[in-house]
Amino acid sequence: MTVLIAGGAGYIGSTVASACMDEGITPVILDSLVSGRREFTEGRAFYEGDIRDGALIDRIFSEHPDISAVVHCAALIVVPESVADPIGYYEANVSKSLDFVRHLRRNGCDRLVFSSSASIYRADDGSSVDEDSPLGPQSPYARTKAMCEEMFADIAAAGQMRVLSLRYFNPVGADPKMRTGLQLKRPSHALGKMIQAYQEGTAFPVTGTQYPTRDGTGIRDYVHVWDLAAAHLAAIDRFDALLTEARPALAINLGTGSGTTVRELCVAFDRVADTPLTTVDAEPRPGDVAGACTRSDRARQLLGWTPKFSLEEGIRASLDWIRVRDEMLKD
């Protein structure tokens, strides 16, 4: 089996590609390298370019006619950046995705696994959410993900595509074989900022302390990236059984079912790291919300998926990866 992975040089996409290779699935990588890393494409069929480039998509399918499914991970993902540049985010995440689907259809591909986000839920009180919970994305980034899901569902309802959307919050960790991991040297999410503060010996800013959560800080469902990769593979494997003419679009949550606040994340980090963090309270960033955690009963029932790695294992893998990355990712 051959699978096209859009955004396959990024954090999630490259890890999915690694998992594919371990299972005998051939990944074909399409990435513009705006944020992805060329190093993550080594030993893999790679095409550098944009998902809206129809001629490139046609070439990929011409050279790999056995592509049977597409995993769509290509997106801009930084919430404060989306608040500052909504036009750029709607163009990159929505407009280009529409072009991409048009090109896929022209090449006879109707199986799409979409890397979505649990941020599309009305996550304003720290509670848990399932696939039937109310939606209420509260940043341009989150709205682009919700808009893509709605757009894909309309296309699917017209009989032109089948789409399985995987919704999750913050990935942590790395490929256990240390082939790939977080590609950004200065990430924007909490654990990345925590590791940066740990490395530099500076205080970690706890952005937002007045949310309606158990300790006032934002809450997220941290899932090991290797668990997420396993879910993507299960989605590919069970795609035809789950997506039918009667049900051409489906959303599935991926999560631990147990939310972790920022302060709790700091405590977990200290259990793993050799030097405790110092923290400082700070104002919320533009677009930040209280957050939630995701109930994943549907993933267990339909994909046979449950997360295997603990939060501490994810943090430890992230720290191990940073040591590898500092040597590998040299500009």
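This text goes with the structure placed above it.
Residues numbered from 1 in each chain as written. Predicted model: local features only at pLDDT ≥ 70, side-chain atom pairs only at ≥ 80, totals over all residues. Heavy atoms only, no water.

## Considering unusual backbone geometry
Outside of glycine, negative phi angles account for most residues, and trans bonds account for most peptide bonds. One non-glycine residue, Leu-33, lies in the positive phi region at around 65°. Among the structural elements, Leu-33 can be located in the loop between strand 2 (26-31) and strand 3 (45-48). Note on Leu-33: relative accessible area 17%, which makes it buried. You will see that Met-178, though not glycine, has its phi angle at about 60°, which is positive. Positionally, Met-178 belongs in the loop between strand 8 (171-172) and helix 6 (190-200). (Helix = DSSP H or I, 4+ residues; strand = E, 2+ residues; numbered from the N terminus. Buried < 20%, exposed > 50% of the residue type's maximum accessible area, 1.4 Å probe, protein only.)

## Concerning the nonpolar core
Membership of the largest hydrophobic core comes to 61 residues, with the highest contact counts inside it found for Leu-164, Ile-252, Leu-254, Phe-269, Leu-303 and Ile-315. Here this core takes nine residues from helix 7 (residues 225-237), the largest share from any one element. Ignoring anything within four residues of it in the chain, the contact list for Ile-252 reads Glu-131, Leu-164, Ser-165, Leu-166, Arg-167, Leu-242, Arg-298, Ala-299, Leu-302 and Leu-303. Listed in part, the 26 residues of the second largest apolar core include Leu-4, Phe-61, Val-101 and Met-161. (Core = buried A, V, L, I, M, F, W, Y, C linked by side-chain atoms within 4.5 Å. Contact = heavy atoms within 4.5 Å.)

## Some thoughts on the layout of surface pockets
There is about 200 Å³ of room inside the second largest pocket. Broken down by secondary-structure element, the contributors of at least two residues to the lining of the second largest pocket are helix 1 (11-22) and helix 7. In terms of residue count, helix 7 provides more of the lining of the second largest pocket than any other element does, seven residues in total. Its residues assigned to classes, the lining of the second largest pocket shows nine nonpolar, no polar and three charged. (1 Å grid on protein atoms, 1.4 Å probe; cavity = no way out; pocket = protein on both sides within 12 Å on 5 of 7 lines; lining within 4 Å. Points joined across faces, edges and corners; volume = space filled by probe spheres on them. Nonpolar A, V, L, I, M, F, W, Y, C, P; charged D, E, K, R; others polar.)

## Side note on the packing of helix 2 (residues 54-63) against helix 4 (residues 86-106)
The interhelical angle for the contact between helix 2 and helix 4, taken along N-to-C directions, is 35°, at an axis separation of 10 Å. As helix 2 packs across helix 4, the resulting crossing turns out to be right-handed. Where helix 2 abuts helix 4, its residues Gly-54, Ile-57, Asp-58 and Phe-61 lie against Phe-100, His-103, Leu-104 and Arg-106. Of the residues that constitute the contact of helix 2 with helix 4, the class distribution is four nonpolar, two polar and two charged. (Axes fitted to C-alpha atoms, helices over the stretch in contact; angles between N-to-C directions. Left-handed = near helix turned anticlockwise from the far one by under 90°.)

## Some thoughts on the packing of aromatic side chains
Evaluation of the coordinates by the stated rule reveals three aromatic pairs. On the numbers, 5.0 Å between centres and 85° between planes, the contact of Phe-114 with Phe-152 is edge-to-face. With Phe-114 in strand 5 (residues 111-115) and Phe-152 in helix 5 (residues 140-157), this residue pair connects regions lying 38 residues apart in the sequence. A residue is classified by how much of its surface remains accessible, and Phe-152, at 1% relative accessible area, is buried. With a centroid separation of 5.5 Å and an interplanar angle of 75°, the aromatic rings of Tyr-198 and Phe-269 are classed as edge-to-face. Of the two residues, Tyr-198 is situated in helix 6 and Phe-269 in helix 9 (residues 262-272); the sequence distance between them amounts to 71 residues. (Phe/Tyr/Trp six-rings, centres within 6.5 Å; stacked < 30°, edge-to-face > 60°.)

## Structural notes on the pairing of strand 12 (residues 249-253)
Most of strand 12 sits out of view: four of its five residues are buried. Pairing analysis gives five bridges linking strand 7 (residues 162-167) to strand 12, with the strands arranged parallel. For Leu-166, the partnering residue across the bridge sits in strand 12 and is Ile-252. (Pairing = 2+ DSSP bridges.)

## Examining the sheet that holds strand 12
The strand order 3-2-1-4-5-7-12 describes an open sheet built from seven strands, whose pairing is parallel. At either end of the open sheet lies a strand with only one pairing partner, and these are strand 3 and strand 12. Strand-to-strand, the axes of this sheet are offset by a mean angle of 20°, without reference to chain direction. Summarising the sheet, strand 2 and strand 3 pair through four bridges and their orientation is parallel. Each residue of the ladder has a partner; that of Ile-29, found in strand 3, is Phe-46. The strands touched by helix 4 within the sheet are strand 1 (2-6), strand 2, strand 4 (67-72) and strand 5, with strand 4 carrying the most contacts at an inclination of about 175°.

## Here we look at the environment of Pro-212
With respect to the helices and strands, Pro-212 occurs in the loop between strand 9 (204-207) and strand 10 (219-220). Measuring from C-alpha to C-alpha, the distance between Pro-212 and Gly-291 comes to 9.7 Å, with 79 residues separating the pair along the chain. Residue contacts for Pro-212: discarding those within four places in its chain leaves Asp-124, Asp-125 and Ala-290.

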